[in-house]
Every structure is written in C-alpha cells, then in structure tokens.
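# Survey of secondary and tertiary structure
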Amino acid sequence: MKTFFALLTCIALIGGNVVCATDIRGQVNVEHRQFFADGAQGQESEQTSVSIEPELFWQYQDGDASVTFKPFVRIDSLDENRTHIDVRELLYFQLIGDYELHAGIRKVYWGVTESQHLVDVINQTDTIESIDREEKLGQPMIQLSAIKEWGVLEGFLLPYFREQTYTGEDGRFRSPLVVKDQATYQSSAEEYHVDVAARYSQSYDDWDIGLSVFNGTNREPYFSQSGSQLVPHYAQMTQLGLDAQGIVGDWLLKLELIHRDSLDNHTAMTSGFEYTWVGPLDSFWDVGLIAEYLYDSRDQQAPTPSQNDLFIGSRLAFNDQSGTEVLFGITQDLDDSQSRVGKLEASSRINNAWKWRIDAWWFESENSSDPVYMYRKDDVVELALEYYF
C-alpha cells in the first residue's frame, strides 16, 4: 500500500513525464514529563504527549528537483496550547548549475554554539515544544543560493511572519501571566510585512565563517500588561550577525556575535570552546569538555537570563552500536550566585526503528526579577520513546 501510494503521488506530481523517486519516512514520539513539584500557578506535575512528524519526499529530474512535505502534530494531556499542528516543511527545490532555489515553507538553521543560538533568526521559535528554544516553526520563504568557489551567498524573501507560540494557562514553563493570543505590530502590514535576509559563508582551512544580515519583524516580542494577560508586540529590527567555528588540534573554537537595532539596540555574544578527549583511560569513549561565555549589553534589563553567564558542560560519546550520547551542563549567572540552570540530554538507539531519550532541566533562582525565577518550580525529567519509520 505504501509503495502504491507513493507511485500514485509521484505520477500526479509530475504528470508521469519524468522518472521520479519517492520516499516516505518520519517518526512518532511518546513523551512523559515528570515535574518534581506542582507549578508556581498550581499546574499539575505530570504531562504526557504524543507527536508524529511524517516526511514525504519526491525527487525527479535526475535529482535536480524535489518536493518535501513534513507536517507535525502533537497531542498533549495538560496544555491545550501544546496540542497543535504545524507544517515544518512544504518545499520545492530546484538545482540550476551553481544555484539552488528553495520555495515554500522551510526550516533554516544558523549557528555554532551549544548554550544558545544568537544568529539563528530566520524561523520563529516554537516555545511550547521545548524550554531550550531549539524547536522552530516552518517559515514561508523564497531562498536563492549561489554556491561558488569564493563562498556561498544566500538570499531570503520572507513574505509572512509567524507569531511565537506560548504555553497555556494549565501548561508548564510559563510566566505568572498568560500571554494573549492577539499580538500588536509596529508595522502597519502586521504579519504580512515582507522580511529580507542574506548570509555569506566560506571555509578558510580549518575555519568556517558566516556573515548575516536580517531586516524585518523581530522574532522576539516585547511585552506589555493588559489586565491579567501579557500582550506581545512585534517591532521591526535590523540584525547583523557573525558566526565562526575553527578546529585547532583537539579544540573546537566557537563564536556567535550579533548587533540588533530594534526598540532597543544591543549587542550580544556567545563564545567558547569544546575540547575533545579521545579514548580516555584506553576506553572507546570520546569526552568533550565545553565552556561558553554568554553576554548581552542590556545587562539586567535583558529579557533573557543569558546576559552575563558562563556555561560549563560535557558531552560523552560512547561510540557503541547504539550511538549512545550524554550531554550535561550548567549555566551560571555571574551577576547572581543564586541563579543557575542545569540540563541533561541522553539518548540511545534500541534498534534501527526505536530510540529512547531522556531530557532533564533544573532551575534555581531567589530573585523575582530574574527571568529564571518564573521556572523555579519547573524542575523536570522528560522520558521519550521514539519510533522511526
């Protein structure tokens, strides 16, 4: 049935005139979050969800053209806002000599550091998916890339803006006030403001360098209070970004630097290293030692907790057949000795189709003006079983 469906879809897509390769894959996750206490607003301590993310891929013109469709669905037991549907990708790709054209909905990732991703500005954050802001919503775009000997130059036209997602009243990882559904905008075009971006990247021996510029709607909203709710306001912004990564022996050096001009102007930086110790004590393991400094020129007025912080962590790769990996670390506020965030990520394959994953977060703060303070009762362990097809 799967092969028959793929064949029909391929014929409908290209009219049967070109040889077409079709692939259907994806994953189904069952996840359970166990919090160590009820939430600061009385939320429950258990949260279970199921998600599915299939991917349909059609390739033709001898691989020079393709279409990708990747929807995402999550059903959550606790938070009605976390029960949601998104299109992560619905993308047409065309290769024309040294040029690549992407048109549709896509996820684009920029960045090199571990603790946060400052330059990653194309896609909107799907904050209800994870506290680390790693998950992104699909972004409508037209992207044209020139791949030359002198580097890769990418241009982006972004015709539609997507608002950030927020936890509902019964959900965890939220502020004392619920975020209102209706946002306001600085631009009269609101979510239909056309944003533009460009990035140039090149490799120089053991160094990879990226320079980026973005002009359009700020992905991070400003907030005002209206009664018992927070109202997000999306201003316009211009952001200049630099990301660099270099290999020096067993050392991996990393830097992300931005300057953003919006309702407030600021500069932010994340810089550090990862040192890999290969086979310590005659083992098959690789041990990575990570240290990164996080800076934001807004200091205590920054809406992020990472304004003057130090991240220390370690990455363990067991190099076994199951691909077992463990990452753990702590971000310490250098201005407040009582403010810190700890995290643990561990995963391993059971077989070719099944994988287990454990994520844990720990928050500590005694200062009510600290952004970490709102999560002080959200210490959690998340257990996940993932099936790939």
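Summarised in this report is the structure supplied together with it. (Residues numbered from 1 in each chain as written. Predicted model: local features only at pLDDT ≥ 70, side-chain atom pairs only at ≥ 80, totals over all residues. Heavy atoms only, no water.)

Counting secondary structure elements, the chain contains one helix and 22 strands. Computed over its C-alpha atoms, the radius of gyration of the chain comes to 22 Å, within 12% of the 21 Å expected for a compact globule of 389 residues. The buried share among the 389 residues of the chain stands at 46%. Of all intrachain contacts in the chain linking residues separated by at least 6 positions in sequence, the fraction that spans at least 24 positions is 54%. Element-wise, carbon and sulfur atoms account for 57% of the exposed surface of the chain, whose accessible area totals about 19600 Å². (Helix = DSSP H or I, 4+ residues; strand = E, 2+ residues; numbered from the N terminus. Rg over C-alpha atoms; globule rule 2.2 N^0.38 Å. Buried < 20%, exposed > 50% of the residue type's maximum accessible area, 1.4 Å probe, protein only. Contact = heavy atoms within 4.5 Å. Areas by Shrake-Rupley, 256 points an atom, 1.4 Å probe, with all protein chains shown as cover.)

A separate point is the packing of aromatic side chains. What characterises a pair of aromatic rings is the spacing of the ring centres plus the angle enclosed by the ring planes. The full count for this structure, using the stated rule, is 17 aromatic pairs. Arranged with centres 4.8 Å apart and planes meeting at 50 degrees, the rings of Trp251 and Tyr275 form a pair that is tilted. Residue Trp251 is located in strand 15 (residues 251–261), and its partner Tyr275 is located in strand 16 (residues 265–278); the two are separated by 24 residues in the primary sequence. Here the aromatic rings of Trp354 and Tyr387 are separated by 4.9 Å at their centres, their planes lie at 45 degrees, and the arrangement is tilted. One end of the pair, Trp354, is in strand 21 (residues 354–364); the other, Tyr387, is in strand 22 (residues 380–388), and 33 residues separate them in sequence. The rings of Phe35, Phe173, Trp361, Phe363 and Tyr375 are connected pair by pair, giving a single aromatic cluster. Between Arg88 and the ring centre of Phe72, over which it is positioned, the NZ or CZ distance is 4.4 Å. Above the face of the Tyr373 ring, Arg376 is positioned so that its terminal group lies 4.0 Å from the ring centre. (Phe/Tyr/Trp six-rings, centres within 6.5 Å; stacked < 30°, edge-to-face > 60°. Lys NZ or Arg CZ within 6 Å of the ring centre and 35° of its normal.)

With that out of the way, let us pick up the layout of surface pockets. A volume near 1100 Å³ is recorded for the second largest pocket. For the second largest pocket, the lining is made up of 42 residues, of which Asp132, Glu134, Glu135, Arg357 and Asp359 are closest to its centre. Those elements giving two or more residues to the lining of the second largest pocket turn out to be strand 1 (20–35), strand 2 (46–60), strand 3 (65–76), strand 19 (325–333), strand 20 (340–349), strand 21 and strand 22. At five residues, strand 21 tops the list of elements feeding residues into the lining of the second largest pocket. The residue makeup of the lining of the second largest pocket, split by class, is 13 nonpolar, seven polar and 22 charged. (1 Å grid on protein atoms, 1.4 Å probe; cavity = no way out; pocket = protein on both sides within 12 Å on 5 of 7 lines; lining within 4 Å. Points joined across faces, edges and corners; volume = space filled by probe spheres on them. Nonpolar A, V, L, I, M, F, W, Y, C, P; charged D, E, K, R; others polar.)

Moving on, we get to the nonpolar core. Judged by nonpolar contacts, the single largest core of 14 residues is most densely connected at Trp110, Ile122 and Phe156. With eight residues, the next largest nonpolar core counts Phe35, Trp361, Phe363 and Val380 among its residues. (Core = buried A, V, L, I, M, F, W, Y, C linked by side-chain atoms within 4.5 Å.)

Here we come to the pattern of salt bridges. For the structure on display, the rule yields 28 salt bridges. Residue Arg74 is joined to Glu31 by a salt bridge in which the shortest nitrogen-to-oxygen separation is 3.1 Å. In this pair, Arg74 is assigned in strand 3 and Glu31 in strand 1, connecting sequence segments 43 residues apart. A salt bridge links Arg219 to Asp195, with the nearest nitrogen and oxygen atoms 2.8 Å apart. With Arg219 in the loop between strand 11 (207–217) and strand 12 (222–226) and Asp195 in strand 10 (residues 195–204), the pair connects residues that are 24 residues apart, well separated along the chain. Across this residue pair, the class does not change: Arg219 and Asp195 are buried. Three or more residues are tied together by salt bridges with common partners; here these are Glu31, Arg33, Arg74, Asp76, Arg82, Glu129, Arg357, Asp359, Glu382 and Glu386. (Salt bridge = Lys/Arg side-chain N within 4 Å of Asp/Glu carboxyl O.)

A cluster of nonpolar side chains, namely Val30, Val50, Ile52, Ile350, Trp354, Trp356, Leu385, Tyr387 and Phe389, defines an oily patch on the protein surface of about 740 Å² accessible area. Elements with a minimum of two residues in the nonpolar patch: strand 2, strand 21 and strand 22. The residue Phe389 is located in the segment after strand 22 in this model. (Patch = residues over 30% accessible without salt bridge, like charges linked within 9 Å, V, L, I, M, F, W, Y side chains within 5 Å.)

Among the secondary structure elements, Leu157 is positioned in strand 7 (residues 151–158). The spatial distance from the C-alpha of Leu157 to the C-alpha of Val196 is 4.9 Å, given a sequence separation of 39 residues. Setting aside anything within four residues of it in sequence, one finds Leu157 in contact with Pro140, Met141, Ile142, Val194, Asp195 and Val196.

The grouping of Asp38, Glu44, Glu46, Glu80, Glu169 and Asp170 at the surface amounts to a negative patch. Relative to the elements of secondary structure, Asp170 occurs in the loop between strand 7 and strand 8 (178–179). (Lys, Arg positive; Asp, Glu negative; His and termini not counted. Charge placed at Lys NZ, Arg CZ, Asp CG, Glu CD.)

A few words now on empty space enclosed by the protein. Evaluation of the coordinates by the stated rule reveals two cavities of 30 Å³ or more. The volume enclosed by the largest cavity comes to roughly 70 Å³. Lining the largest cavity we find Arg33, Gln47, Asp79, Arg82, Thr127, Ile128, Ser130, Ile131, Thr167, Gly171, Arg172 and Phe173. Tallied by class, residues from the lining of the largest cavity come to three nonpolar, five polar and four charged. Of the voids in this model, the second largest cavity is the one considered here, and its volume is about 30 Å³. As for the second largest cavity, its lining consists of Ala40, Gln41, Gln43, Phe173, Arg174, Met374, Lys377 and Asp378. Residues of the lining of the second largest cavity, tallied by class, amount to three nonpolar, two polar and three charged.

By the bridge criterion, nine bridges tie strand 1 to strand 22 in an arrangement that is antiparallel. When the bridges of strand 22 are listed, Val28 appears paired with Tyr387. Bridge analysis of strand 21 against strand 22 gives eight bridges, and the strand direction is antiparallel. In the strand pairing of strand 22, Trp356 is matched with Leu385. (Pairing = 2+ DSSP bridges.)

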